[in-house]
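# Remarks on the overall topology
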Amino acid sequence: MPGPCDPEDLLDGVIFGAKYLGSTQLKSEKNPSTSARMAQAQEAVDRIKAPEGESQPMTEVDLFISTQRIKVLSADTQEAMMDHALQMISYIADIGNIVVLMARRRPADGKSADSPAGSAAPPKKCWMICHVFSSDNAQIIAQAIGQAFGVTYQQFLHTNGIKASDLKPGEYSDYLSTQELYNGDLVHFSRSENLREVCISKKPGELLGLVIVESGWGSILPTVVVANLLHGGPAERSGELSIGDHIMSVNGTSLVGLPITTCQSIIRDLKNLSIINLSIVHCPPVTSAIIKRPDAKYQLGFSVEDGVICSLMRGGIAERGGIRVGHRIIEINGQSVVATPHEKIIDILSNAVGEQIHLKTMPTSMYRLLTGLDQPVYL
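Reference entry: report on the structure contained in this document. (Residues numbered from 1 in each chain as written. Predicted model: local features only at pLDDT ≥ 70, side-chain atom pairs only at ≥ 80, totals over all residues. Heavy atoms only, no water.)

### Brief notes about the nonpolar core
Residues F16, I65, I92, F133 and I145 are the most contacted members of the largest nonpolar core, which totals 28 residues. Listing elements by their share of this core, those giving two or more residues are strand 1 (14–29), strand 2 (59–65), strand 3 (69–74), strand 5 (89–95), strand 6 (98–105), strand 7 (125–134) and helix 3 (138–159). Looking at which element gives the most residues to this core, the answer is helix 3, with 9 residues. Membership of the second largest hydrophobic core comes to 22 residues, among which are L210, I247, I266 and I267. (Core = buried A, V, L, I, M, F, W, Y, C linked by side-chain atoms within 4.5 Å. Buried < 20%, exposed > 50% of the residue type's maximum accessible area, 1.4 Å probe, protein only. Helix = DSSP H or I, 4+ residues; strand = E, 2+ residues; numbered from the N terminus.)

### Here we look at helix 7 (residues 260–268)
Given 3.6 residues per turn, any residue in an α-helix points the same way as the ones three and four places further on. Here helix 7 has its buried residues at I260, C263, Q264, I266 and I267. The buried residues of helix 7 occupy an angular sector of 160° when projected down its axis, which confines them to one face. As for helix 7, its buried residues are in contact with strand 9 (210–214), strand 10 (224–229), strand 11 (246–250) and strand 12 (253–254). (Arc of directions from axis to C-beta. Contact = heavy atoms within 4.5 Å.)

### What to know about the packing of aromatic side chains
Scanning the entire structure with this criterion turns up 1 aromatic pair. Plain terms: the ring middles of Y20 and F133 are 5.6 Å apart, the flat faces sit at 50° to each other, and that makes the pair tilted. Residue Y20 is located in strand 1, and its partner F133 is located in strand 7; the two are separated by 113 residues in the primary sequence. F133 sits in the buried class, given a relative accessible area of 1%. Across from the ring centre of Y367, 4.8 Å away, lies the NZ or CZ of R328, which sits over that ring. (Phe/Tyr/Trp six-rings, centres within 6.5 Å; stacked < 30°, edge-to-face > 60°. Lys NZ or Arg CZ within 6 Å of the ring centre and 35° of its normal.)

What follows is the structure, encoded as structure tokens:
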């Protein structure tokens, strides 16, 4: 892209050439000021950028930006080096010819940076992963990502039949500030009794015998979920795993925040081992979410296609309620929508207003496996 983006182009995605300099992780306040974010971006640059006169390691990449995702692709192979859902991006900074992309993440142990073990209180600190790039179009890249958020917001307003003029300036933000974050994962993952260390014995060369799928963007701990177990396979024989369990690590390698293809490769590489150690959190296959929406003028903040959650607005009431991208809606306020047409689901959601809107969802890949729509590919 040579210049400012057309909003319609961002629906499909635009690509910028850049040089990837490196990534670093910073501890951050949960909701820092803009000036604090800028200081963090500068700190990331100072950590990664080589001093004047020294050689700077860098990799030629393509930055893909859309209203759904931001991907970093190797310019040579087009292999995805990084892949963030748009709502996971917390801040973008352009400093001269440098772009810093900041995404919120949580540490592999599931605890906040300063919360005590076993604490169910919302974390006061979080970890930011900062990716640093060099480009002559640094300002335009930052502008394009900002535009993507703007286009996404307008999409949500349109989807929910709300005119932007119906919302007074700051009204939605004021309402959000009154809401508490609801997410069953926050309490569930903080309880030590739900964390298990599982040891599985198998013959060298034998498959572990399980299928994994993504937990879905919006999860407190984005990792992989057990979606199926091979009958008679090592994983099922152990009696320690169930469909819905989240796998935190395998033989000491954390899977938290990694792409599904990377997690699958890590597990495949264990084929010739006889002992596999898994760290898991036992979870039911169906996830509950609660959305507080007192008035229809407040957009729910997510889009749905044939029952599947396709996108999620950063900081909206749906994200606060525990909605996850890539999940299939199973139930709305106690009413099953498994066989409900798309238009009917949209109608139910558009008119859903109340102190608590209850949704039950599960990863779409798991839903398709359990209903026989897809055949399992075991690892």
